[in-house]
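# Chains, contacts and geometry: an overview
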Amino acid sequence: MNENQWKKAHDIVNDIEKQYGNRGGNQAEVAEYINQTYSTKLTTNDIAGVTKQLGYCNTVMRQEEKVVAIFLDENFRKHIE
């Protein structure tokens, strides 16, 4: 990924955390919001991959530690291009 793609991924992950953490919708609704906002093609599974790493389980934060790294799989990367 180039620098612009890394920045876009960073912004998207932060926005997912904000939307999901503020109960801004379920994973499907967050995916729709992100796709409209960033012109991406993220799926519910892409959103789930991020929210699970952030410590969420059924929209409830289950983890007390602060996450410092999120691993994005190849599908996520393709969907944000």
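In case you missed it, the structure is sitting above this.
Throughout what follows, the structure given in this document is the object of discussion. For every chain, the first residue of the written sequence is number 1, and numbering continues from 1 onward in sequence order. Only residues with pLDDT of at least 70 get local features here, since the model is predicted, and only at 80 or more are side-chain atom pairs given and counted; chain-wide, interface and lining totals rely on the full set of residues. Side-chain metrics in this entry use all non-hydrogen atoms of the structure; hydrogen atoms and water are not considered.

Let's shift gears to the overall build of the chain. Under the DSSP-based scheme used, a helix requires at least four consecutive residues in state H or I and a strand at least two consecutive residues in state E, with every element numbered from the N terminus. A count of helices and strands for the chain gives 4 helices and 2 strands. Remark: exposure states derive from per-residue accessible area (1.4 Å probe, protein chains only) relative to the maximum for the residue type, with buried under 20%, exposed over 50%, and partly exposed in between. Evaluated residue by residue, the chain yields a buried proportion of 31% over its 81 residues. The long-range share in the chain, meaning contacts at least 24 apart out of those at least 6 apart in sequence, stands at 53%. Counting only carbon and sulfur atoms, one obtains 46% of the accessible surface of the chain, whose full area is about 5,400 Å². Residue contacts are counted whenever heavy atoms from the two residues lie within 4.5 Å of one another. The protein chains shown are the only cover counted for residues, whose accessible areas, like all others here, come from Shrake-Rupley with a 1.4 Å probe.

So, on to helix α3 (residues 44–53). Taken together, the buried positions of α3 are occupied by Asp46, Ile47, Ala48, Val50 and Thr51. Its buried side turned inward, α3 meets α1 (3–21), α2 (27–38), β1 (56–57) and α4 (74–79). Immediately downstream of α3, the backbone of Gly55 shows phi near 100 degrees, a positive value.

Buried residues of nine kinds, namely Ala, Val, Leu, Ile, Met, Phe, Trp, Tyr and Cys, make up a nonpolar core once their side-chain atoms join them within 4.5 Å. In terms of nonpolar packing, the biggest core is built from 16 residues, with Ile12, Ile16, Leu42, Val50 and Phe76 touching the most fellow members. When residues of this core are traced back to their parent elements, those giving at least two are α1, α2 and α3. When residues in this core are grouped by element, the largest group, 5 residues, is from α1. Excluding anything up to four places from it in sequence, Ile12 contacts Ile34, Tyr38, Thr40, Leu42, Phe76 and Ile80.

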